[in-house]
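Close look at the chain arrangement
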Amino acid sequence: MLTFDKLQPGDNLGTNVQYFNDATAEHGCELFPAEKELLPDLPPSMISAITMRAFLATVQPRPKGNIHGTQKFEVHKLPQIGDEIITTAYCREKETRKKNNWVYFETKSHDQNGNILFTGSMGIIWGG
C-alpha cells in the first residue's frame, strides 16, 4: 500500500504505455464530436484521460479516501494516430496542510521515439 509515509519525493512510481489508434480516437471523439476535425493529432481534451489512466495503472496500490485536488498540463507536442504514449509518474513532493496529507505528482509523457509530448502535475489529498 502506498501510504503517505511510504511515498517519497523523487520516487519513480512506474511507467504506463497507451496506444493512440483509430479506436482510441473514435472513443475520445464520442465525448467531444467537434474535436474529430483535429485528427490525426490527439485532441487536447484526451490528455487528462490518458494521464489519469496512466496514474491509476502505476500509482498503486492506493489507499481509499484520496481526493483529487489540482491538475494542470503543459503540452509540448501532440501525438498522432499510430503513436505510443509512454507516461511515467513521479512523486514530486508531499506536505501536511490543515491536517490533510497532500501528495503532489508529476507525469511525463513521451512518444515511442522519446519525444516529450506533455507533462502534468496533480495534487491529491492522500487518504493513508
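Everything discussed here concerns the structure shown above.
It should be emphasised that the depicted structure is a prediction, and the values quoted were computed from it without experimental measurement. (Residues numbered from 1 in each chain as written. Predicted model: local features only at pLDDT ≥ 70, side-chain atom pairs only at ≥ 80, totals over all residues. Heavy atoms only, no water.)

Along the chain, the regular secondary structure elements total 2 helices and 5 strands. Traced from its N-terminal end to its C-terminal end, the chain shows the element sequence β-α-α-β-β-β-β. A compact globule built from 128 residues would reach a C-alpha radius of gyration of about 14 Å, and the chain, at 15 Å, matches this within 12%. Here the chain holds 128 residues, and 38% of them are scored as buried. Considering only contacts within the chain whose residues lie at least 6 apart along the sequence, 67% involve residues at least 24 apart. Approximately 7100 Å² of the chain is accessible, and the part contributed by carbon and sulfur atoms is 51%. Charged side chains of the chain number 13 positive and 15 negative; the gap between the two group centres comes to 13 Å. (Helix = DSSP H or I, 4+ residues; strand = E, 2+ residues; numbered from the N terminus. Rg over C-alpha atoms; globule rule 2.2 N^0.38 Å. Buried < 20%, exposed > 50% of the residue type's maximum accessible area, 1.4 Å probe, protein only. Contact = heavy atoms within 4.5 Å. Areas by Shrake-Rupley, 256 points an atom, 1.4 Å probe, with all protein chains shown as cover. Lys, Arg positive; Asp, Glu negative; His and termini not counted. Charge placed at Lys NZ, Arg CZ, Asp CG, Glu CD.)

Attention shifts here to helix α1 (residues 22–31). All buried positions along α1 are accounted for by A25, G28 and C29. Seen along its axis, α1 keeps its buried residues to an arc of 100°; they face one direction. Residues A23, E26, E30 and L31 are exposed on α1 and point more than 90 degrees away from its buried face. Put simply, N21 is the residue that caps the front of α1, since its side-chain oxygen is 3.2 Å from the backbone nitrogen of A23. (Arc of directions from axis to C-beta. Polar contact = N/O pair within 3.5 Å; in protein donor to acceptor, adjacent residues only side chain to side chain.)

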